[in-house]
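Summary of structural features
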Amino acid sequence: MKGNKNKRHFYICLFLSVLFTINLIKSYMNTGSLPASSTIFTVVVYIATLLAASTLKGKNTKDNV
């Protein structure tokens, strides 16, 4: 059951990272500069996505051993 929560967390983070990346690109296209707050928040979401992916990978390798 915990594996399903980890998968769901990963997919939510992935979805959010795509949304924030699109928002960042739109903002850059409209203004010509990157807003610092949006950039920092997008990086935080990327880090959360990487951590969720490493949690999934760590769980899979423990199950296979």
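It should be noted that the structure appears before, not after, this text.
Starting afresh in each chain, residues are numbered from 1 along the sequence in its written order. Note on the predicted model: pLDDT of at least 70 is required for a residue's local features to be given, and 80 or more for side-chain atom pairs to be given and counted; whole-chain, interface and lining totals, by contrast, use all residues. Only hydrogens and water are set aside; all other atoms, that is, all heavy atoms of the structure, feed into the side-chain values.

**A closer look at the overall build of the protein chain**
Broken down by element type, the protein chain carries two helices and zero strands. Burial analysis of the protein chain (65 residues in total) assigns 18% to the buried set. Working rule for contacts: check all heavy atoms of both residues, and any pair within 4.5 Å makes them a contact. Counting contacts in the protein chain only where the partners sit at least 6 residues apart, residues at least 24 apart contribute 68% of the total. When the accessible area of the protein chain is evaluated, it comes to approximately 5200 Å², of which 68% is carbon and sulfur surface. Runs of E in the DSSP output that reach at least two residues are strands. Runs of H or I that reach at least four are helices, and both are numbered from the N terminus. Exposed residues in this analysis have more than 50% of their type's maximum accessible area, buried residues have under 20%, and partly exposed residues fall in between, with area computed by a 1.4 Å probe over protein chains only. The accessible surface values rely on the Shrake-Rupley method and a 1.4 Å probe; as for residues, cover is taken only from the protein chains in view.

**What to know about the environment of Val 43**
Turning to its location among the elements, Val 43 is positioned in helix α2 (residues 36–64). Given a relative accessible area of 40%, Val 43 falls into the partly exposed group. Residues Val 43 and Ser 17 lie 26 residues apart in sequence; the distance between their C-alpha atoms is 8.6 Å.

**What to know about the side chain of Thr 49**
Locating Thr 49 in the fold gives a position in helix α2. Here a polar contact is taken to be a pair of N or O atoms separated by no more than 3.5 Å, where protein atoms must pair a possible hydrogen donor with a possible acceptor and residues adjacent in sequence count only if both atoms sit in side chains. A polar side-chain atom of Thr 49 sits 2.9 Å from the main-chain carbonyl oxygen of Val 45. Each residue touching Thr 49, except ones within four places of it in the same chain, is listed here: Phe 10, Cys 13, Leu 14 and Ser 17.

**Looking at the packing of aromatic side chains**
Planes of paired rings set the category: under 30 degrees apart is stacked, over 60 is edge-to-face and the rest tilted, where pairs are Phe, Tyr or Trp rings (Trp by its six-membered ring) whose centres lie within 6.5 Å. Scanning the entire structure with this criterion turns up two aromatic pairs. Ring geometry for Phe 20 and Phe 41: centres 5.0 Å apart, planes at 75°, overall edge-to-face. Here Phe 41 lies in helix α2 and Phe 20 lies in helix α1 (residues 2–31), a separation of 21 residues in the sequence. The exposure class assigned to Phe 41 is partly exposed, which follows from its relative accessible area of 45%.

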